[in-house]
Amino acid sequence: MAENPDFNYNPRCDKLNIIQMGFADDLLLFCRGDVVSTQLLYKQFQQFSMASGLIANQGKSAVYFGGVPEQIQQQIIRLGFSVGTLPFRYLGVPLGSKRLTIGQCHPILERMVRRVTSWTSKMLSYVGRLQLIRSVLIAIEKFWSQIFILPKKVIQRIEQICKRFLWNGNNECSKKALVAWDKICVPKSAGGLNIVDIYTWIKASILKNYWNLCKKKDRLWIQWIWQQIYKWQGIQRQAMRWKEEIEWAQKHASGNSARAEIYRMSLAGSVYYTWLDRNNKIFQQKTRPATAIVRQIIQDIHCKGRMRKKLAPLLKQLDYYPS
């Protein structure tokens with residue numbers, strides 16, 4: 001497909017040459033919203049089905065549009081797939097183009113409530129409930145928090161479900177807690193019950209993503225952020241691993257040229273604003289999308305670089321408000 005001149009990548013997937021993403025027997029296909037690209041992609045998939053014997057389930061398949069005219073949508077729909085709407089469920093979690101809302105988190109809350117209200121759970125002792133909280137309820141929350149930053153009200157509701165189940169055996173508030181929850185969420189050696197503190201775990205999940213941002217540049221979503229910085233500077237190459245990135249900088253971005261200096265400013269700004277955003281998320285509960293961080297880095301380089309005569313001519317050629 002990549003070698004076919006008539007095929008157009010999705011605008012967000014062009015730089016990284018992304019056409020498909022798959023996990024187990026689930027498959028996501030991407031292309032630009034035009035009839036020719038869609039037909040080529042569908043034809044290629046049919047050839048794959050004939051060769052492998054794997055056929056798409058029409059009842060579970062859908063096409064998702066973004067910024068595509070209605071007339072073109074109708075022509076694409078004739079291929080036989082139904083139209084889906086965002087967000088949709090994938091691997092048990094909602095996938096969408098916007099920040100996760102409280103309403104989209106209802107599946108995790110409903111799943112936890114079903115666990116604590118089943119008849120088998122009602123027959124458990126304190127020790128049994130404690131084990132179910134640690135091995136099942138907290139595990140459900142961990143799965144979601146490693147993918148999304150959960151809204152604060154959802155975190156409070158999850159903690160409430162765990163509290164009520166431990167002391168009451170259900171999801172009803174019928175009596176007071178015997179011990180404060182923050183004292184329970186400490187190791188047994190410190191007098192607690194070794195329950196994972198949800199807020200601490202979410203902070204650790206956020207830090208894990210930032211560590212990946214700096215250390216695992218082979219990851220697809222990390223490559224996308226770095227591609228935006230490269231695109232702004234006019235650098236035509238793929239993002240590499242962190243070690244290879246430093247070696248490239250030492251070889252090509254050293255010296256006193258204007259481009260080399262702007263690249264070094266980009267690298268320093270990326271580290272600074274990434275950690276600044278990380279601290280805002282943890283201590284002030286403020287979040288920003290990746291595009292806003294990229295824009296902040298670029299605008300900061302413009303403000304500081306214009307004070308230097310050597311950088312000003314090159315910065316005039318670079319966009320101050322990147323899309």
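As the structure is a prediction and not an experimental result, all values here were calculated from the model.

A. Highlighting the overall build of the protein. Broken down by element type, the protein carries 13 helices and 6 strands. Here the protein holds 323 residues, and the buried ones make up 38% of them. Taking all contacts inside the protein whose residues are at least 6 apart in sequence as the whole, residues at least 24 apart take part in 54%. Carbon and sulfur atoms form 55% of the exposed surface of the protein, whose accessible area is close to 20000 Å².

B. The arrangement of the packing of helix α3 (residues 106–117) against helix α5 (residues 126–145) in detail. Between α3 and α5, whose axes approach to 10 Å, the crossing angle comes to 170°. For the element pair α3 / α5, the angle class is roughly antiparallel. Counting all contacts with α3, which are made through Pro-107, Ile-108, Arg-111, Met-112, Arg-115 and Val-116, the residues of α5 involved are Val-136, Leu-137, Ile-140, Glu-141 and Trp-144. For the contact of α3 with α5, the residue count by class is 8 nonpolar, no polar and 3 charged.

C. Inspection of the packing of helix α11 (residues 258–283) against helix α12 (residues 290–305) at higher detail. Viewed as axis vectors pointing N to C, α11 and α12 meet at an angle of 130°, and their least axial separation amounts to 9 Å. Judged by the inter-axis angle, α11 sits oblique to α12. For α11 against α12, the interelement crossing comes out right-handed. Across the interface between the two elements, Ile-262, Met-265, Ser-266, Gly-269, Ser-270, Tyr-273 and Asp-277 of α11 pack against Ile-293, Gln-296, Ile-297, Asp-300, Ile-301, Lys-304 and Gly-305 of α12. Taken together, the residues of the contact of α11 with α12 break down into 6 nonpolar, 5 polar and 3 charged.

D. Structural context of the environment of Gln-160. Looking at where Gln-160 falls in the secondary structure, it is placed in helix α6 (residues 152–168). The sequence separation of Gln-160 and Glu-172 amounts to 12 residues, and the corresponding C-alpha distance is 9.9 Å. Polar contacts involving the side chain of Gln-160 include one to the side chain of Arg-157, which spans 2.5 Å.

E. The arrangement of the packing of aromatic side chains in detail. Using the criterion set out here, one finds 4 aromatic pairs in the structure. Ring geometry for Phe-45 against Phe-48: centres 6.2 Å apart, planes inclined by 35°, an arrangement best described as tilted. Of this pair, Phe-45 and Phe-48 both sit in helix α1 (residues 35–52), 3 residues apart, which is roughly one turn of that helix. Arranged with centres 6.1 Å apart and planes meeting at 65°, the rings of Tyr-126 and Trp-167 form a pair that is edge-to-face. Of this pair, Tyr-126 sits in helix α5 while Trp-167 is found in helix α6, placing the two residues 41 residues apart along the sequence. Against the face of Trp-201 rests Lys-142, its NZ or CZ located 4.6 Å from the ring centre.

F. Representation of the environment of Asp-277 in the model. Mapped onto the fold, Asp-277 is located in helix α11. Accessibility expressed as a relative area gives 1% for Asp-277, which makes it buried. Taking the C-alpha atoms as reference points, Asp-277 and Thr-287, 10 residues apart in sequence, are found 7.1 Å from one another.

G. A nonpolar patch on the surface, seen in detail. Side chains of Phe-23, Leu-91, Phe-143 and Ile-147 sit close together on the surface and give an oily, nonpolar patch of about 380 Å² of accessible area. By secondary structure assignment, the location of Leu-91 is in the loop between β5 (88–90) and β6 (93–95).

H. Spotlight on the pattern of salt bridges. Applying the stated criterion to the full structure yields 2 salt bridges. We note a salt bridge from Lys-163 to Glu-159, for which the minimum N-O separation is 3.6 Å. Of the two residues, Lys-163 and Glu-159 are both situated in helix α6; the distance of 4 residues between them amounts to about one turn of the helix. The closest approach of N and O atoms between Lys-310 and Glu-261, which form a salt bridge, is 3.1 Å. Taken together, the positions of Lys-310 in the loop between α12 and α13 (312–317) and Glu-261 in helix α11 put the pair 49 residues apart, joining distant regions of the chain.

Reading guide: rules and limits
Residue numbering note: each chain is counted from 1, following its sequence as written. With pLDDT at 70 or above as the cut-off, local features in this predicted model cover only qualifying residues; side-chain atom pairs require 80 or more to be listed or tallied, and sums for whole chains, interfaces and linings still use all residues. Excluding hydrogens and water, the side-chain figures rest on all heavy atoms present in the structure. A run of H or I in DSSP becomes a helix once it reaches four residues, and a run of E becomes a strand once it reaches two; helices and strands are each numbered from the N terminus. Exposure is judged per residue with a 1.4 Å probe applied to protein chains only, and the accessible area is read against the type maximum: over 50% gives exposed, under 20% gives buried, and values in between give partly exposed. In this analysis, two residues are considered to be in contact whenever any of their non-hydrogen atoms come within 4.5 Å of each other. Residue-level accessible areas treat just the shown protein chains as cover; the underlying method is Shrake-Rupley with a 1.4 Å probe. Only the stretch in contact is used when fitting a helix axis, every axis being a line fitted to C-alpha atoms; angles between N-to-C directions are given from 0 to 180 degrees. Throughout, the term roughly parallel applies to angles under 35 degrees, roughly antiparallel to angles over 145, roughly perpendicular to angles from 65 to 115, and oblique to all others. Any residue that is not Ala, Val, Leu, Ile, Met, Phe, Trp, Tyr, Cys, Pro, Asp, Glu, Lys or Arg is counted as polar, Gly included; the first ten are nonpolar and the last four charged. When the near helix sits turned anticlockwise from the far one by under a right angle, the crossing is termed left-handed; a clockwise turn instead gives a right-handed crossing. Polar contacts here mean pairs of N or O atoms no more than 3.5 Å apart (in protein, one a potential hydrogen donor and the other a potential acceptor; neighbouring residues in sequence count only if both atoms are side-chain atoms). Stacked, tilted and edge-to-face pairs are distinguished by plane angle, under 30 degrees for stacked and over 60 for edge-to-face with tilted covering the rest, among Phe, Tyr and Trp rings (Trp via its six-membered ring) whose centres lie within 6.5 Å. Only when the NZ atom of a Lys or the CZ atom of an Arg is both within 6 Å of the ring centre and within 35 degrees of the ring normal do we say a charge sits over the ring. Each patch groups residues whose relative accessible area exceeds 30% and which form no salt bridge, using 9 Å between like charges and 5 Å between nonpolar side chains of Val, Leu, Ile, Met, Phe, Trp and Tyr. We define a salt bridge as a contact between a side-chain nitrogen of Lys or Arg and a carboxyl oxygen of Asp or Glu at a distance within 4 Å.

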